[in-house]
Structures are given as structure tokens and as C-alpha cells.
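Residues per chain are reported as follows:
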Amino acid sequence: MPNVHHRCVTTLDVGCLSSSASAAEEWASFKMLFHDFADLPSAVGQYTLSPEFTCNGHRWCIQLFPRGYSEAREGYLSFYLKNCSGGYATASFEVSVLDKYQSVRHTKKSTLRNSVTNRGWNNFCRRSSILDQSKNYLDDNGTLAVIVSIKRDSACPFVPNNPMSRMITGMFLDEKTADVCFEVSTEVDSDDRDEVAPLPVTFHAHHLILKTCAPMLASLFGSDDEEIATVSITDVKPAIFRHMLHYVYGGSLPDGELNNHAKDIINAADKYSIVNLKLEAEAAYVKSTEITMENVIDNLLYADAQNLALLKEVVVDFLAENSIASQNLDFTNVPSYLMKDVFVAFGRKTTSGAKRRRDDDLFVMSVSELRRKLDEKGLNVDGSREAMIEALTPDAAESVDAKRQRCDADDSLEE
């Protein structure tokens, strides 16, 4: 199961990387820092992905199998260069493992020939050697340094990236081509009659893009033949709506905005079913919020109200880790069904200390693991832990496949 290693640091250095490379050859080198190597997924066949990098007009990443690929000898780790571009590629490359003093300890070279997949080594080196403190592979923070080098292809033609995504993002708020319009304002409290209602902020948009990427927003517009159809939005702040609409057009939100307005973004994205944005804002909220005894109940209730499985997991894990102190909390307003999640947290905590865990043990998987499995199967990732587990059970998967087959059969009959 892939685990993207977001904390890798990538540096680019053009030149002769090692003694094994000819002085006349130019290589692009990318340095990956795999932090907390000992804690990376350690079941056989599980891997960690580095961030993607670009060379010779293709996108690449490194797959590190800390316990080895399924065909590796026991005790060995595996490295693969993965072609992420989706097309055929050829590349001469080498992978080097450094020690904490930045000296090369292991180097292997290979060539990927006209392939769409990956190439590497099942038995790169022994995992026990990396973990042996006396051999000085890992630094004081437990970080493993790896350098990937790809020989530059001087004959490789330059082709710009597909501009379509950029072009769609460029249509954001384009009044000339828009066919729908949102007028966004915040309602004034009815008890405060002296307050003047703010003027609505206008956001022009395109119904086809909304219908494809944000169906709930598109559904707000009727079938009127007006040249520009207009609807009013009064339950989202204009600044938050702008972020949400920009995201629909393929834009991204700066981390600072996500952190500062996480709850407002979660609420708006949940209301209008912009699922990915909701998950990004939830992750930002979890990252930027310290769970304490003072706010743990409020966060638990908020997570339950907005169906935030990740936040709920963090909260119940906190309760499990502080079980003695938690006895002094007031659970009067907490629904009884939420206590089941606390028991699951205890189970995960107990299982994490075991040497092995069944890879298909859905009931003790983290929310991120469950969401990753759902995404790989093309299923909805927004839901409670129970809903995600139900969707991933064999019976549920079979029913989904059967439903798709029935739909395909109906389509063929219509044709």
C-alpha cells in the first residue's frame, strides 16, 4: 500500500555524481531524505513514495520498500525508479544510499528501456545494516539519505506541460465567457436592525465546469434561458466562497489560508460537496490544532457533526492515550455511539505494538489508510470510519462491481 513520504527534501545538482559516472556525462541528481526510516511501513510489499521530480521530459519518483518487494530475499529492502508520466520512457539511472556523513555506501545502476512502469532492485541492501547504529547510516533523527541520478538526454526534445489545466484555471472569474453568476453576501442578524447589510460580492462562473466539478453548485441554477443566470449565496462568507470556487477551477489554497480559515472552508465545502477541499481543510485543521483536555470534547462533537473522520480519529486517539485524565471529562453531551470509536483507538494502539498486523485488518486501519484504499478503488472517500469499512468489505465491493456490470449491460441494450 503506497505511503507518500511528504517530508522528503529534493535537491537538483547537475554534474558528475560518482566515480562510476564518466566525467563526460551529465547527470541530474535528486537527494531524498527519508525521515523516521525505522517507522516507515514495514510489511513485505508495502512501499513509501518520494515526491515526484522531473528529468528528460518525464516525471519520476522513487519507491522504497523498507521490508522488500514481494520477491525480495528476507531481510532486504528494495528500491525502484517509477515512471509517473504515463507514457513510455527510457533512462539510465543509479541509486545510492549515503551514510550520515554523506559518504556513498551502496550504489547500483540500471536502465529503464522504453517502459511505462518501473525498474529497480529487489535485493538492494540489508535492512538490518541500515538500522545498525554502529554502521552510521541513519543520522541522529533517524533519517536515511538516498541520491537518485538520471543521465541527461541531450537529444530529448522540450515539450511544455499540458496547458489545459492552466487554461481552465485561467477561466476563473472570467466575466466575458461566464454564463452563470453568484452573488455572495453574509446575512445580517435579524436582532441587529441598525447594522447595514453588506453589498453582495459577484463571482462569475461557467455552468459546464460547475456541473462537472461541483454539481451541487451547478444545481442551484434552474433551466432559465437568461443570458446570465444569477443565484444568491448567504451562508458562506465571500472570501471563503472565492477560495472554494477557485479550487473548483483547479486552483490551490495557500497553507496559511487553509490553517487560518479551516473551519469555514470545511463547513462550506461540506455543504456544497467539494469533497477534496473538505479533506484538505480537515487535514490542515488537524495539523494546526493542538488537542487538549479543554477542547477535546468540542472537537469530538464538531468532528461528528461535520463527518470529519480524520479529526475524530485524532480526538479519540488523544482520549485513548490520556485515558486516566479523560475520566474527569464531562461526556454528558457526547452521543453514546461515539464511544465505539474510542474502543477502536484502544485496539489500534494495542495492535501497533505487535510485530505483524494483517494487511486486510480494516477495523484497526487508520483513516488515512482507509481513504487511500477507497481512492485506489475509485470509491467515495468522504464518510465515517464505519461507512469506509463497509465500502471496502468484499461483499460491498462485489455489490459495487455487480451494479457497474448492470449499468454497462443497460447501456449496451440502449445502444
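Residues numbered from 1 in each chain as written. Predicted model: local features only at pLDDT ≥ 70, side-chain atom pairs only at ≥ 80, totals over all residues. Heavy atoms only, no water.

Okay, the overall build of the chain next. Broken down by element type, the chain carries 15 helices and 14 strands. The buried share of the chain, taken over its 415 residues, is 40%. Contacts spanning at least 24 positions in sequence make up 62% of the contacts within the chain whose residues lie at least 6 apart. (Helix = DSSP H or I, 4+ residues; strand = E, 2+ residues; numbered from the N terminus. Buried < 20%, exposed > 50% of the residue type's maximum accessible area, 1.4 Å probe, protein only. Contact = heavy atoms within 4.5 Å.)

Counted residue by residue, strand β11 (residues 144–151) has seven buried out of eight residues, so it is predominantly covered. Where strand β3 (residues 27–34) meets β11, eight bridges bridge the pair, whose relative direction is antiparallel. Bridge pairing in β11 places S29 opposite S149. Sheet analysis places strand β8 (residues 89–98) next to β11, joined by five bridges and oriented antiparallel. Its bridge partner being in β11, S96 is matched across the sheet by I147. (Pairing = 2+ DSSP bridges.)

Moving on, we get to the pattern of salt bridges. All chains considered together, the criterion is met by ten salt bridges. Among the ionic pairs, K100 bridges to D140, the shortest N-O distance being 3.7 Å. One end of the pair, K100, is in the loop between β8 and β9 (104–115); the other, D140, is in the loop between α1 (127–131) and β11, and 40 residues separate them in sequence. By relative accessible area, D140 is classed as exposed at 74%. In this structure, K237 engages D264 in a salt bridge whose closest nitrogen and oxygen atoms are separated by 3.3 Å. Separated by 27 residues along the polypeptide, K237 in the loop between β14 (229–233) and α5 (238–248) and D264 in helix α7 (residues 262–271) bring together distant segments of the chain. Judged by relative accessible area, which is 46%, K237 ranks as partly exposed. One salt-bridge network, in which partners are shared between bridges, spans D270, K278 and D382. (Salt bridge = Lys/Arg side-chain N within 4 Å of Asp/Glu carboxyl O.)

All right, on to the packing of α7 against helix α8 (residues 275–288) then. Contact geometry for α7 and α8: axes closest at 8 Å, N-to-C directions at 155°. The orientation of α7 relative to α8 falls into the category roughly antiparallel. The crossing of α7 and α8 is left-handed. Within the contact between the two elements, α7 uses A262, K263, I265, I266, A269 and D270 and α8 uses L277, K278, A281, E282 and Y285. (Axes fitted to C-alpha atoms, helices over the stretch in contact; angles between N-to-C directions. Parallel < 35°, antiparallel > 145°, perpendicular 65-115°, else oblique. Left-handed = near helix turned anticlockwise from the far one by under 90°.)

To continue, consider helix α9 (residues 296–305). Burial in α9 covers these residues: V296, I297, N299, L300, Y302 and A303. If you follow the buried residues of α9, they end up packed against α7, α8 and α10 (309–321).

Let us look at the sheet that holds strand β12 (residues 180–184). With mixed pairing, three strands are arranged side by side in an open sheet as β13-β12-β14. The open sheet has two edge strands with one neighbour each: β13 (201–205) and β14. Geometrically, the sheet is characterised by an average inter-axis angle of 25° between neighbouring strands, direction not taken into account. Bridge analysis of β12 against β14 gives five bridges, and the strand direction is parallel. When the bridges of β14 are listed, F182 appears paired with V231.

Here the focus is the packing of aromatic side chains. Throughout the structure, instances matching the rule amount to 13 aromatic pairs. Between F79 and F124, the aromatic rings sit 5.0 Å apart at their centres with planes inclined by 80°, giving edge-to-face as the arrangement. Separated by 45 residues along the polypeptide, F79 in strand β7 (residues 76–83) and F124 in strand β10 (residues 118–126) bring together distant segments of the chain. As far as burial versus exposure is concerned, F79 and F124 are alike and both buried. Three or more aromatic residues link up through ring pairs in this structure, and these residues are Y47, F65, Y69 and Y80. A cation over an aromatic ring shows up here: K108 above the ring of F124, its NZ or CZ 5.6 Å from the ring centre. The ring centre of Y272 lies 5.7 Å from the NZ or CZ of K271, which sits over that ring. (Phe/Tyr/Trp six-rings, centres within 6.5 Å; stacked < 30°, edge-to-face > 60°. Lys NZ or Arg CZ within 6 Å of the ring centre and 35° of its normal.)

Okay, the environment of I389 next. Checked against the element boundaries, I389 lands in helix α14 (residues 385–392). As a C-alpha pair, I389 and L370 span 19 residues in sequence and 7.3 Å in three-dimensional space. Not counting residues up to four positions away in its chain, the partners in contact with I389 are L362, F363 and L370.

Turning our attention to the packing of α9 against α10. Running from N to C, α9 and α10 cross one another at 145°; their axes reach a closest spacing of 9 Å. Crossing handedness for the pair α9 and α10: left-handed. Two secondary-structure elements touch here, α9 through V296, N299, L300, Y302, A303 and D304 and α10 through L311, K312, V315, V316, F318 and L319. Residues of the contact of α9 with α10, tallied by class, amount to nine nonpolar, one polar and two charged. (Nonpolar A, V, L, I, M, F, W, Y, C, P; charged D, E, K, R; others polar.)

Quick look at the nonpolar core now. Ranked by internal contacts, the top residues of the largest apolar core, which has 66 residues, are F182, L210, F241 and I274. The element contributing the most residues to this core is α10, with seven residues. In this structure, W60, A91, F124 and L138 belong to the second largest nonpolar core, which totals 30 residues. (Core = buried A, V, L, I, M, F, W, Y, C linked by side-chain atoms within 4.5 Å.)

On to α7, then. Since one α-helical turn is 3.6 residues long, residues separated by three or four positions face the same way. Listed as buried for α7 are A262, I265, I266, A268 and A269. Residues of α7 that are buried in the fold lie against α5, α6 (255–260), α8 and α9. Backbone geometry just downstream of α7 places S273 in the positive-phi region, at approximately 55°.

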